Amino acid sequence: MNTSEVRKANDPLSIHRRAITVDMHADTVQRIIDEHVDINQQLADGHLDAVRAREGGLDAQFFSIWVEPQLFGGGGPGAMKRADIQIEAVRALAEKHPETWQLATTANDVRKASENGRIAALMGLEGGYAIDERLENVDRYFQMGVRYMSPAWSVSTTWAGSSGDEAGKTRGLNDFGKQVVREMNRLGMMVDVSHVSDKTFWDIVNTSSRPVIATHSGCRAIANVPRNLTDDMIVALAKTGGVVNVIFYPEHIEPGWSEKKKRVDAEISELVQRASDEEPGGVAQKKLARDRVRAREYLKRLPSVSVSRIVDHIDHIVKLVGIDHVGMGSDFDGVQAVPADLKSVADLPKLTEELLRRGYSEQDIDKILGGNMLRVMEETSH
Ligand SMILES: [Zn+2]
């Protein structure tokens, strides 16, 4: 190689494209179901589709199988059905478009998909509502292809406290919750601490015999919200061999954004309610109508955030526990705001650019973009 070829091979985009890029969390499957979007086409809105994923060099996407308990129940047939139709939608992606998507459950599947120029489609359960307080359902979802689960989303379950409600302030894992974690360990399903209460976090770390992960969280030392991890938590999680996948959502990465958002939410509450009332569709459609107003108003009323703030969280984690315990979990299509220079999956190379600018090596970047999570997936499945 002459020097110009060497330079070319080491530009940010080449480094980004060579890396296996794994996003641990996106809510796009709910768009497929509720908005009937075809994510094999380039979409004019939202954050993720196959065309933009290829442009952004994405190799693997964990799709969140999210059951919103207020709409579908914190358990029971409604919650299970909502999870099942999302799983079915992910499987259908790979069946209908095998040239684009490859269903995956292991690190090896992800590597093969990447070699074959396909995007690996994986699944994680967000909130344990769909297991309906039955241990055998953990195995049921594992058999259906689910490879991680967070015990609770913003609403506590009877067996695990959430960071998002009153019950979670005192609730950790009960005996059943600990059994669930052990069953996940036995099967090889990763345990996700994103959204859980502090007490639940510590119960998980003390119960799990396998690496514990956060699929989409930030550092509380930078953005002080209950949803984020304290330094002590990051150290404890790293000791399990796990990975903190940094979220891109401004509320969880930008200092003060959460307080400003609360003020804006109060200002726009009537607008949001009106959009909901005027929407003739069902509960999921009404939620979409509310979220559309929020997205529009947040863009107008809240400060913009940049990719550099995501890297601040990555830096913080690396300084605390080293390069082997950090990854990324965008929360694309699950949030009403994104960084101004990371508007969709197509912009992912900007993350690599910023990492290079801060002095990370290509080897470090490989670990951050996906290598660390591939390692955890391997360790969990053995
Ligand atoms: Zn979430």
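Residues numbered from 1 in each chain as written. Predicted model: local features only at pLDDT ≥ 70, side-chain atom pairs only at ≥ 80, totals over all residues. Heavy atoms only, no water.

Colleague: I tried to follow the side chain of Asp27 on my own but got confused; where do I start?
Modeller: Its place among the elements puts Asp27 in the loop between strand S1 (22-26) and helix H3 (28-34). Although buried, Asp27 forms no salt bridge, and the nearest oppositely charged side chain, Arg227, lies 8.4 Å from it. Those residues in contact with Asp27 that sit more than four places away from it in its chain are Ser64, Trp66, Glu126, Asp331, Phe332, Asp333 and Gly334. (Helix = DSSP H or I, 4+ residues; strand = E, 2+ residues; numbered from the N terminus. Buried < 20%, exposed > 50% of the residue type's maximum accessible area, 1.4 Å probe, protein only. Lys, Arg positive; Asp, Glu negative; His and termini not counted. Salt bridge = Lys/Arg side-chain N within 4 Å of Asp/Glu carboxyl O. Contact = heavy atoms within 4.5 Å.)

Colleague: Would you mind going over unusual backbone geometry with me for this structure?
Modeller: A negative phi angle is the norm for most residues apart from glycine, just as the trans form is the norm for most peptide bonds. We note that Glu133 has phi near 55 degrees; this positive angle belongs to a residue other than glycine. Mapped onto the secondary structure, Glu133 falls in the loop between strand S4 (119-126) and helix H8 (136-143). A residue is classified by how much of its surface remains accessible, and Glu133, at 47% relative accessible area, is partly exposed. A positive phi is found at His195, a non-glycine position, where the angle reads about 85 degrees. With respect to the helices, strands and loops of the structure, His195 is situated in the loop between strand S6 (190-192) and helix H10 (198-207).

Colleague: Just checking my understanding: could you explain the pattern of salt bridges for this structure?
Modeller: Two side chains with opposite charge may pair up if their charged atoms get near one another. All told, the structure shown has 28 salt bridges when counted by the stated rule. Between Arg134 and Asp132 there is a salt bridge, with its nearest N and O atoms 3.1 Å apart. Accessibility expressed as a relative area gives 34% for Arg134, which makes it partly exposed. Residues joined by salt bridges that share partners form a network here, namely Glu254, Arg309, Asp312, Asp315, Glu354, Arg357 and Arg358.

Colleague: How do you make sense of the layout of surface pockets when you look at a structure like this?
Modeller: The gaps left among the atoms become clear once a water-sized probe is rolled over them. The computed volume of the second largest pocket comes to approximately 160 Å³. Contributing to the lining of the second largest pocket are Arg17, Arg18, Ala19, Ile20, Arg54, Gly57, Leu58, Asp59, Ser114, Gly117, Arg118 and Ile119. Residue composition of the lining of the second largest pocket, by class: 4 nonpolar, 3 polar and 5 charged. (1 Å grid on protein atoms, 1.4 Å probe; cavity = no way out; pocket = protein on both sides within 12 Å on 5 of 7 lines; lining within 4 Å. Points joined across faces, edges and corners; volume = space filled by probe spheres on them. Nonpolar A, V, L, I, M, F, W, Y, C, P; charged D, E, K, R; others polar.)

Colleague: Is there a simple way to think about the side chain of Asn185 in this case?
Modeller: Following the sequence through the fold, Asn185 ends up in helix H9 (residues 175-187). By relative accessible area, which is 5% here, Asn185 ends up buried. Sequence-distant contacts of Asn185, defined by excluding residues within four places in its chain, comprise Val191, Thr207, Ser208, Ser209 and Arg210.

Colleague: When you look at empty space enclosed by the protein in this model, what are you seeing that I'm missing?
Modeller: Under the counting rule described, the total for this entry stands at 1 cavity of 30 Å³ or more. One number sums up the size of the largest cavity: a volume of about 40 Å³. Grouping the amino acids of the lining of the largest cavity by side-chain chemistry returns 6 nonpolar, 1 polar and 3 charged.

Colleague: Where do I start with the packing of helix H11 (residues 231-239) against helix H16 (residues 307-321) in this structure?
Modeller: Axis angle and axis distance: for two packed helices, these are the angle between their axes and the distance between the axes, and together they describe the pair. Where H11 contacts H16, the axes come no closer than 10 Å and their chain directions differ by 65 degrees. Here H11 runs over H16; the crossing is right-handed. Residue-level inspection shows Asp231, Ile234, Val235 and Ala238 of H11 in contact with H16, the latter providing His316, Ile317, Leu320 and Val321. For the contact of H11 with H16, the per-class residue count stands at 6 nonpolar, 1 polar and 1 charged. (Axes fitted to C-alpha atoms, helices over the stretch in contact; angles between N-to-C directions. Left-handed = near helix turned anticlockwise from the far one by under 90°.)

Colleague: What exactly am I supposed to notice about the packing of aromatic side chains here?
Modeller: In this description, a pair of aromatic rings is defined by centroid distance and the angle of the planes. Counting across every chain of the model gives 8 aromatic pairs. For the pair Phe201 and Trp202, a centre-to-centre distance of 5.0 Å together with 85 degrees between the ring planes defines the contact as edge-to-face. Judged by relative accessible area, which is 1%, Phe201 ranks as buried. Taken together through their ring pairs, the aromatic side chains of Tyr249, Trp257 and Tyr298 make up a single cluster. Over the face of the ring belonging to Tyr141 we find Arg140, whose NZ or CZ atom lies 5.0 Å from the ring centre. Note that Arg147 overlies the ring of Phe142, its terminal NZ or CZ placed 3.6 Å from the centroid. (Phe/Tyr/Trp six-rings, centres within 6.5 Å; stacked < 30°, edge-to-face > 60°. Lys NZ or Arg CZ within 6 Å of the ring centre and 35° of its normal.)

Colleague: Just to check I follow, could you spell out the pairing of strand S7 (residues 212-217) for this structure?
Modeller: Looking down a regular strand, the side chains alternate between one sheet face and the other. By the criterion of burial, S7 is predominantly enclosed, with 6 of the 6 residues buried. With 2 bridges joining them, S6 and S7 adopt parallel strand pairing. The residue of S7 that forms the bridge with Asp192 is Ile213. Here S7 pairs with strand S8 (residues 244-246) via 2 bridges, running parallel. Bridging across to S8, Ser217 finds its partner in Val246. Between S7 and its parallel partner S8, the chain crosses via H11, and the hand of that crossover is right-handed. (Pairing = 2+ DSSP bridges. Right-handed = clockwise from strand over helix to strand, strands pointing away.)

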